[in-house]
Amino acid sequence: DRLKESKVFMRALFDYVPLEDKATPCQEAGLPFKKGDILQVVSHDDQTWWQAKRVGDSNLRAGLIPSKHFQERYGRMFALVPSGLRRSFRLSRKDRQGSAGEGSDPGDSDFLTYEEVTRYQQRPNERPRLVVLIGSLGARINELKQRVIAENPHRYAVAVPHTTRPKKPHEKEGVEYHFVTKQQFDTDVINNKFIEHGEYKENQYGTSIEAIRSVQAKSKMCIVDVQPEVLRLRTTEFKPYVIFVKPRIPESRRRRSAATSPGGGDHGRTTDEDLQEMRQSALQIEQQYGHVVDRVLIKEDSASACVELRGILERLEREAFWVPLCWVR
Ligand code: 5GP
């Protein structure tokens, strides 16, 4: 049995730096990894220290990593884990209190450590996976979503939202929106039919779970851009593939633009402050949702991001991807 290749794979939900770990029996034998890395656990004979390899590493030697059990206790007791993890832990907890969902959020455990994963490939006649776009400030994911769908409307679609606002003459029921009465909308809210809803100019808007199902029933890939709700959508039914769209943020404002427009009159131009806000926003997303992100798409500009997104969606239908083990068991 020992000679058999291990089939236990874990997605790391925290960063691990062995050289900063005071608890390890041997810092040099440690295997460093980052949140999101897939680790093959080659031995969990020891309760405290597992031996693991990083999937995709050419290095064949296994290294020591803290076991799930140990990391859960140790992270809490000694707080020796990198500060990013502790912050992400607190935020995602607060977040969970806001939504009523259960899903398979790995953050349901007290401390984010590892999530057991397996390779999963969608079969041709199976319901397409849900695609969730998360964007930090400046990513403009709605535009990106609309563009990819417009190019391939027979393959990709949005979930048609509900609204209480009156239908405009050019609009069709069930195309732009499902038009409902205020009373119907409120009932749907109470019955938990929406994954998200909000008010805009005194009208209600919301996206229902049924709207996602109805896209998938047509064998189309449904693309949504919801944020805290991504945790609630992490279910066996939807098997969401989460893409974090992050604008490429330059080190600082280009010099030329500063020189060509000294002082005011800088409307529409990105300032150092804007860049700082963008960085902050990206960091916040990483801390809050990093543990559920399958793929980071660095956006240079709309056109290239669109091409890249299309490529990812095509591969999603053809290739195997890591998903939580509980989704396929
Ligand atoms: P319109 O009434 O012009 O079609 O949409 C106006 C605004 O309603 C949009 O810009 C957006 O802010 C909001 N809205 C549209 N669909 C949804 C939705 O599904 N959920 C939420 N929360 N807001 C929406």
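Data block above holds the structure.
Residues numbered from 1 in each chain as written. Predicted model: local features only at pLDDT ≥ 70, side-chain atom pairs only at ≥ 80, totals over all residues. Heavy atoms only, no water.

## Observations regarding the sheet that holds strand β6 (residues 131–135)
Here comes step 1: Taking strand neighbours across the sheet as the criterion, the 5 strands line up as β7-β12-β6-β13-β14 in an open arrangement whose pairing is parallel. Where the open sheet ends on each side, the last strands, each with one partner, are β7 (156–157) and β14 (295–299).
Here comes step 2: Helix-sheet contacts for helix α5 (residues 209–217) involve β7 and β12 (221–224), and the interaxial angle to β12 is about 150°.
Here comes step 3: Sitting on the sheet, helix α7 (residues 272–289) touches β6 and β13 (241–247), and the angle it makes with β13 is about 160°. (Pairing = 2+ DSSP bridges. Helix = DSSP H or I, 4+ residues; strand = E, 2+ residues; numbered from the N terminus. Contact = heavy atoms within 4.5 Å. Axes fitted to C-alpha atoms, helices over the stretch in contact; angles between N-to-C directions.)

## Points about the pairing of strand β10 (residues 194–200)
Here comes step 1: Here 6 bridges tie β10 to strand β11 (residues 203–208), and the two strands are oriented antiparallel to one another. Each bridged residue has a counterpart across the sheet, and for E199 the counterpart in β11 is Q204.
Here comes step 2: Counted along the chain from β10 to the antiparallel partner β11, the turn is 2 residues long, and its residue K201 has a positive phi close to 50°.

## Things to note about the site of the ligand
Here comes step 1: Around the ligand, the neighbouring residues are P161, R165, Y177, E196, H197, G198, Y200, Y205, G206 and T207.
Here comes step 2: Here an oxygen atom of the ligand and a side-chain polar atom of R165 are 2.5 Å apart.
Here comes step 3: For the ligand, a nitrogen atom lies 2.7 Å from a polar atom in the side chain of E196.
Here comes step 4: Burial of the ligand by the surrounding chains reaches 62%, relative to a free accessible area of 510 Å².
Here comes step 5: Counting only elements with at least two residues in the shell around the ligand, the list comes to β10 and β11.
Here comes step 6: Sorting elements by how many residues they give to the shell around the ligand places β10 first, with 4 residues. (Near = heavy atom within 4 Å. Polar contact = N/O pair within 3.5 Å; in protein donor to acceptor, adjacent residues only side chain to side chain. Areas by Shrake-Rupley, 256 points an atom, 1.4 Å probe, with all protein chains shown as cover.)

## Observations regarding the nonpolar core
Here comes step 1: Counting 24 residues, the largest nonpolar core has L130, V132, I134, I212, V224, V230 and L233 as its most contacted members.
Here comes step 2: If you tally residues by element for this core, the top one is α5, at 4 residues. (Core = buried A, V, L, I, M, F, W, Y, C linked by side-chain atoms within 4.5 Å. Buried < 20%, exposed > 50% of the residue type's maximum accessible area, 1.4 Å probe, protein only.)

## Some remarks on the packing of helix α3 (residues 141–151) against helix α8 (residues 302–318)
Here comes step 1: At their nearest, the axes of α3 and α8 sit 10 Å apart, and the two run at 60° to each other. Between α3 and α8, the interaxial angle falls into the category oblique. The handedness of the crossing between α3 and α8 comes out as right-handed. Contacts between α3 and α8 involve E143, L144, R147, V148 and E151 from the first element and S302, A303, A305, C306, L309, R310 and L313 from the second.
Here comes step 2: Residue classes in the contact of α3 with α8 are distributed as 7 nonpolar, 1 polar and 4 charged. (Parallel < 35°, antiparallel > 145°, perpendicular 65-115°, else oblique. Left-handed = near helix turned anticlockwise from the far one by under 90°. Nonpolar A, V, L, I, M, F, W, Y, C, P; charged D, E, K, R; others polar.)

## Observations concerning the sheet that holds strand β1 (residues 9–12)
Here comes step 1: Strand order across the open sheet formed by 6 strands is β4-β3-β2-β1-β5-β15, with antiparallel pairing between neighbours. Here the strands that pair on one side only, and so sit at the sheet edges, are β4 (63–66) and β15 (321–324). Sheet twist, expressed as the mean angle between neighbouring strand axes with direction ignored, is 50°.
Here comes step 2: Relative to strand β5 (residues 114–120), β1 runs antiparallel, the two sharing 4 bridges. Bridging from a neighbouring strand, M10 pairs with E116 of β5.

## Looking at the pattern of salt bridges
Here comes step 1: Enumeration according to the criterion identifies 19 salt bridges in this entry.
Here comes step 2: Among the salt bridges present, the one from E151 reaches R310, with a minimum N-O distance of 2.7 Å. Of this pair, E151 sits in helix α3 while R310 sits in helix α8, placing them 159 residues apart in sequence.
Here comes step 3: Residue R310 is classed as partly exposed on the basis of its relative accessible area of 26%.
Here comes step 4: R318 is the salt-bridge partner of E319, the closest N and O atoms lying 3.9 Å from each other.
Here comes step 5: According to the relative accessible area criterion, R318 is exposed, its value standing at 52%.
Here comes step 6: Taken together, the salt bridges that share partners define one network made up of R11, E115, R234 and D294. (Salt bridge = Lys/Arg side-chain N within 4 Å of Asp/Glu carboxyl O.)

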